[in-house]
Amino acid sequence: MRHTISILVENEFGVLARVAGMFSGRGFNIESLSVAETMDPTVSRITLVTRGDDQVLEQLNKLISVIRVIDFTDTAHVERELVLLKVAVDERSRGEVVNIVDVFRGKIIDVSRRSYVIEVTGTEDKIDALIELLKPIGIKEIVRTGKVAMFRGTRLLTVDAKDKERAAS
């Protein structure tokens, strides 16, 4: 089963390596990974996508420096990914590229005589559809951020005092 997981961790040296090592040590591939500080600079949020069974979540909770783990798989949430694409253009294809980018609500963020750099944010399906449309024109380079996810509505993934106490012990 595919899982989109957010992990709140103490923002300290080696935490990301321990989390990633836990996955590789159990034979799970990480399909995408995104990590950054939260509003609390002592806490980072890792969002990753993997395939595997629910035992992964149990193992994550046992790692030192892990504060909280949430699997978004069966919850109401929003998720997005950012992609930058460098596309070859010539005088004939420029208009077509501009139209495709507009349909996907993207932006052309850099222009040269022979290429455009395009920025698009959306779901994985939206990004994949854009890539398929631009392939025949000539994609030269792709950079994807990996997925980030957040609960819908008022539910939050934050750290409280009990979480910090548990992580410290």
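Preceding this section is the structure that the text describes.
Residues numbered from 1 in each chain as written. Predicted model: local features only at pLDDT ≥ 70, side-chain atom pairs only at ≥ 80, totals over all residues. Heavy atoms only, no water.

(A) A look at the overall build of the protein chain. Counting its secondary structure elements, the protein chain contains 5 helices and 9 strands. Its helices and strands taken in sequence order, the protein chain reads β-α-β-β-α-β-β-α-β-β-α-β-β-α from the N to the C terminus. In terms of principal-axis extent, the alpha carbons of the protein chain reach across some 65 × 35 × 30 Å. Counting the 169 residues in the protein chain, one finds 39% classified as buried. Considering only residue pairs separated by 6 or more positions, the protein chain has 74% of its internal contacts joining residues 24 or more positions apart. Put simply, the protein chain shows about 10,100 Å² of open surface, and 52% of that area lies on carbon and sulfur atoms. (Helix = DSSP H or I, 4+ residues; strand = E, 2+ residues; numbered from the N terminus. Buried < 20%, exposed > 50% of the residue type's maximum accessible area, 1.4 Å probe, protein only. Contact = heavy atoms within 4.5 Å. Areas by Shrake-Rupley, 256 points an atom, 1.4 Å probe, with all protein chains shown as cover.)

(B) Region of the structure containing the pattern of salt bridges. This model, assessed by the stated rule, comprises 11 salt bridges. When the shortest N-O distance is used, the salt bridge between Lys 147 and Glu 79 registers 3.0 Å. Of this pair, Lys 147 sits in the loop between β8 (139-144) and β9 (148-151) while Glu 79 sits in strand β5 (residues 77-88), placing them 68 residues apart in sequence. Where Asp 128 meets Arg 144, a salt bridge forms, and the shortest distance between an N and an O atom there is 3.1 Å. With a gap of 16 residues between them, Asp 128 in helix α4 (residues 124-134) and Arg 144 in strand β8 connect regions that are remote in the sequence. A residue is classified by how much of its surface remains accessible, and Asp 128, at 31% relative accessible area, is partly exposed. (Salt bridge = Lys/Arg side-chain N within 4 Å of Asp/Glu carboxyl O.)

(C) Spotlight on the packing of aromatic side chains. For the coordinates displayed, the defined rule picks out 1 aromatic pair. Here the aromatic rings of Phe 72 and Phe 151 are separated by 4.9 Å at their centres, their planes lie at 55 degrees, and the arrangement is tilted. Within this pair, whereas Phe 72 is found in the loop between β4 (66-71) and β5, its partner Phe 151 is found in strand β9, the two being separated by 79 residues in sequence. Assessed through its relative accessible area of 0%, Phe 72 is described here as buried. (Phe/Tyr/Trp six-rings, centres within 6.5 Å; stacked < 30°, edge-to-face > 60°.)

(D) Broad picture of the side chain of His 3. Structurally, the position occupied by His 3 is in strand β1 (residues 2-10). Given the relative accessible area of 3%, His 3 is considered buried. Within the structure, His 3 has its side chain in polar contact with the side chain of Asp 71 (distance 2.5 Å). Beyond its immediate stretch of four places on either side in the chain, His 3 contacts Leu 48, Val 49, Thr 50, Gly 52, Asp 53, Asp 54, Asp 71 and Thr 73. (Polar contact = N/O pair within 3.5 Å; in protein donor to acceptor, adjacent residues only side chain to side chain.)

(E) The arrangement of the nonpolar core in detail. Membership of the largest hydrophobic core comes to 16 residues, with the highest contact counts inside it found for Leu 85, Val 87, Val 97, Ile 118, Leu 130 and Leu 134. Those elements giving two or more residues to this core turn out to be β5, α3 (94-103), β7 (115-122) and α4. Here this core takes 4 residues from α4, the largest share from any one element. With sequence-adjacent residues up to four places away left out, Ile 118 is seen in contact with Val 83, Leu 84, Leu 85, Val 87, Val 97, Val 101, Lys 107, Ile 108 and Leu 134. (Core = buried A, V, L, I, M, F, W, Y, C linked by side-chain atoms within 4.5 Å.)

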